[in-house]
Amino acid sequence: MSSLKYLSAYSEQTQQQVTQLLAKNQLGEVLLKRYKKPHELRTDKALYNYVQELKDEHLRNAEPINKVEYDSKIHVINHALGLHTSISRVQGGKLKAKHEIRVATMFKEVPLEFLRMIAVHELAHVKEKQHDKAFYKLCTYMEPNYHQYEFDLRLYLTHLDTGAGRLWT
């Protein structure tokens, strides 16, 4: 059986519950009961518009997001679920920053709640660079169920890590 690398920060009791679900081949069923269907944001343009709406709703005064796209080069095992990059350039006498958000392509076929959690996480990096208390406070301000969605996404990654197939296609 695979290790629970995506759940290593959770309690022993939680890890035992997940291990039991994996042993009974029920983790996928639990996720499918909770999240019925995948989102419809399949294109980079649709993803950009979705993230821009979140930004406009919660971070009106933050710096603009210049690019949002799915990125097939992001591998969840080696990297993160998504990336926020800030590229600084000198224009005239001013320093301008361009913010880009990239989301792993595998998240084209997951529930909207998972994509929202990733988008909120990356948007929070526009204001808060570190994963500290202020960062997570901002995440839960933008999405009150942030921690539940993050946990469930980690369950899904654990499900995939066992060699099981994708749940929403």
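Refer to the structure presented above.
Read on for a plain summary of the structure. (Residues numbered from 1 in each chain as written. Predicted model: local features only at pLDDT ≥ 70, side-chain atom pairs only at ≥ 80, totals over all residues. Heavy atoms only, no water.)

### A word on helix H2 (residues 27-34)
- Looking at H2, one finds that the buried residues are Leu-27, Gly-28 and Leu-31. One side of H2 holds all its buried residues, which, seen down the axis, span an arc of 100°.
- On its buried side, H2 packs onto helix H1 (12-23) and helix H6 (146-161). (Buried < 20%, exposed > 50% of the residue type's maximum accessible area, 1.4 Å probe, protein only. Helix = DSSP H or I, 4+ residues; strand = E, 2+ residues; numbered from the N terminus. Arc of directions from axis to C-beta. Contact = heavy atoms within 4.5 Å.)

### Topic: helix H3 (residues 44-58)
- The end-to-end C-alpha distance of H3, which contains 15 residues, comes to 21 Å, matching closely the 21 Å that a straight helix rising 1.5 Å per residue would cover.
- Every buried residue of H3 is listed here: Leu-47, Tyr-50, Val-51, Gln-52, Leu-54, Lys-55 and His-58. (Expected span 1.5 Å × (residues − 1).)

### Some thoughts on the nonpolar core
- Grouped together as the largest cluster of nonpolar side chains are 47 residues, with contacts concentrated most on Val-103, Phe-107, Leu-123 and Tyr-156.
- Residue assignment for this core shows that the elements contributing at least two residues are H1, H2, H3, strand E1 (65-71), strand E3 (94-104), helix H4 (112-127), helix H5 (133-142) and H6.
- In terms of residues, this core owes the most to one element, H4, which gives 9 residues.
- Excluding residues that lie within four positions of it along the chain, Leu-123 makes contacts with Val-51, Leu-54, Lys-55, Leu-59, Ile-65, Ile-101 and Met-142. (Core = buried A, V, L, I, M, F, W, Y, C linked by side-chain atoms within 4.5 Å.)

### Overview of the packing of H4 against H6
- Between H4 and H6, the shortest axis-to-axis distance is 9 Å and the interhelical angle comes to 115°. Every pair of crossing elements has a handedness; the one defined by H4 and H6 is left-handed. Contact residues: H4 offers Glu-113, Phe-114, Met-117, Ile-118, Val-120 and His-121, while H6 offers Tyr-146, Tyr-149, Glu-150, Asp-152, Leu-153 and Tyr-156.
- Within the contact of H4 with H6, the residues separate by chemical class into 8 nonpolar, 1 polar and 3 charged. (Axes fitted to C-alpha atoms, helices over the stretch in contact; angles between N-to-C directions. Left-handed = near helix turned anticlockwise from the far one by under 90°. Nonpolar A, V, L, I, M, F, W, Y, C, P; charged D, E, K, R; others polar.)

### Some thoughts on the pattern of salt bridges
- Tallied over the full model, the rule gives 7 salt bridges.
- For the salt bridge of Arg-102 with Asp-71, the shortest nitrogen-to-oxygen distance reads 3.9 Å. On the criterion of sequence distance, the pair formed by Arg-102 in strand E3 and Asp-71 in strand E1 is long-range, its members being 31 residues apart. Just as Arg-102 is buried, Asp-71 falls in that class too.
- When the shortest N-O distance is used, the salt bridge between Glu-100 and Arg-102 registers 2.9 Å. Each of the two residues, Glu-100 as well as Arg-102, counts as buried. (Salt bridge = Lys/Arg side-chain N within 4 Å of Asp/Glu carboxyl O.)

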